[in-house]
Amino acid sequence: MSEKVPPAPGLRIGCGADVHPLAAGRRLVLGGIAIAHERGLSGHSDADVLAHAICDALLGALGDPDMGARFPDTDEAHRGRSSLEFLREVMRDVRARGYAIVNLDAVVLAEAPRLQPHLEAMRAALAEALGCPAASVGVKAKRCEGIGAIGRKEGIAAQAVVLIGPAAPARGAAVGARAARRKPRPARRKGRA
Ligand code: MG
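Since the structure is predicted, the reported quantities are computational estimates derived from the model, not experimental observations.

Student: How should I be thinking about the overall build of the chain in this particular structure?
Tutor: The helix and strand tally for the chain stands at six helices and seven strands. Each of the 193 residues in the chain was classed as buried or not, and the buried ones make up 37%. Of all intrachain contacts in the chain linking residues separated by at least 6 positions in sequence, the fraction that spans at least 24 positions is 74%.

Here it is as structure tokens:
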């Protein structure tokens, strides 16, 4: 599972899921957006459960070990860290291996607070961190209708699916490649034959 993915063409899909408990005295951060609420998610970093699910989906698409291995909670360097930084770091790997995000879709499962007013800001913040258009990022919110731990407001969960594909060559690189394939023109003769 830990073999590195060769820079081969083709689409790759990854899925990710995460859950964090809600606790008093913590800031609630979802998709990089701070949301006013009486409790926040507890965790070693900012506990942004949505960013974590997307991060795991990207790592899965690359065939890499998950977030726990990549950003262990035993590392003091990650304490209180913004999870958007994790996304930026993983995206550097995605690009280095020749891939770009085709699109991703995510759902946050939360009984409270109401997340609908924050979804657009989350999409924009995530797209900025991922370096892709907001149109490639889907974020939905669902309640659990009072069922289970999420329904009892004990925590918030998130799930994400991401599709990555070969990155388009840089504009200059494409022009350079065409020029390299072009046959040299015969030298123009002077005067008429
Ligand atoms: Mg997490």
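Student: Sorry, what's going on with helix α3 (residues 83–96) here?
Tutor: Residues spaced three or four apart along an α-helix point in a common direction, a consequence of the helix completing one turn every 3.6 residues. Taking 1.5 Å per residue, 14 residues should reach 20 Å; α3 reaches 20 Å between its end C-alpha atoms and fits that length. Ser 83, Leu 84, Phe 86, Leu 87, Val 90, Met 91 and Val 94 are the residues of α3 that are buried. One side of α3 carries all its buried residues, which in axial view fall inside an arc of 145°. The outward face of α3, more than 90 degrees from its buried face, is lined by the exposed residues Arg 92 and Ala 96. Phi for Gly 98, located one or two positions after α3, is positive at around 85°.

Student: Teacher, can you tell me more about the pairing of strand β6 (residues 137–142) here?
Tutor: Along a regular strand, successive side chains alternate from one face of the sheet to the other. On β6, burial follows the alternation: Val 137, Val 139 and Ala 141 on one face are buried, whereas Gly 138, Lys 140 and Lys 142 on the facing-out side are not. Two strands pair when backbone bridges link them, and strand β5 (residues 99–109) and β6 are joined in this way by six bridges, in the parallel orientation. Within β6, the residue paired with Leu 104 across the bridge is Val 137.

Student: Just to check I follow, could you spell out the packing of helix α1 (residues 49–62) against α3 for this structure?
Tutor: Helix packing geometry: the angle between the two helix axes and the distance between the axes. In the contact formed by α1 and α3, the axes pass within 9 Å of each other and the chain directions differ by 15°. One element, α1, and the other, α3, form an angle in the roughly parallel class. Of the two elements, α1 crosses α3, and the hand of that crossing is left-handed. For the pair formed by α1 and α3, the contact residues are Ala 51, His 52, Ile 54, Cys 55, Leu 58, Leu 59 and Leu 62 on the first element and Ser 83, Leu 84, Phe 86, Leu 87, Val 90, Asp 93 and Val 94 on the second. Class assignment of the residues belonging to the contact of α1 with α3 gives a composition of eleven nonpolar, two polar and one charged.

Student: What should I look at first to understand the nonpolar core in this one?
Tutor: It is characteristic of soluble globular proteins that their nonpolar side chains tend to be buried jointly. Ranked by size, the top nonpolar core spans 50 residues in total, and within it Leu 50, Ile 54, Leu 87 and Val 162 carry the most contacts. Of all the secondary structure elements, the ones that give two or more residues to this core are β2 (28–30), α1, α3, β5, α4 (119–130), β6 and β7 (155–166). Considering each element in turn, this core owes the most residues, ten residues, to α1.

Parameters at a glance
Residues numbered from 1 in each chain as written. Predicted model: local features only at pLDDT ≥ 70, side-chain atom pairs only at ≥ 80, totals over all residues. Helix = DSSP H or I, 4+ residues; strand = E, 2+ residues; numbered from the N terminus. Buried ≥ 20, exposed ≤ 12 C-beta atoms within 10 Å, placed from the backbone. Contact = placed C-beta atoms within 7 Å. Expected span 1.5 Å × (residues − 1). Arc of directions from axis to C-beta. Pairing = 2+ DSSP bridges. Axes fitted to C-alpha atoms, helices over the stretch in contact; angles between N-to-C directions. Parallel < 35°, antiparallel > 145°, perpendicular 65-115°, else oblique. Left-handed = near helix turned anticlockwise from the far one by under 90°. Nonpolar A, V, L, I, M, F, W, Y, C, P; charged D, E, K, R; others polar. Core = buried A, V, L, I, M, F, W, Y, C linked by C-beta atoms within 7 Å.

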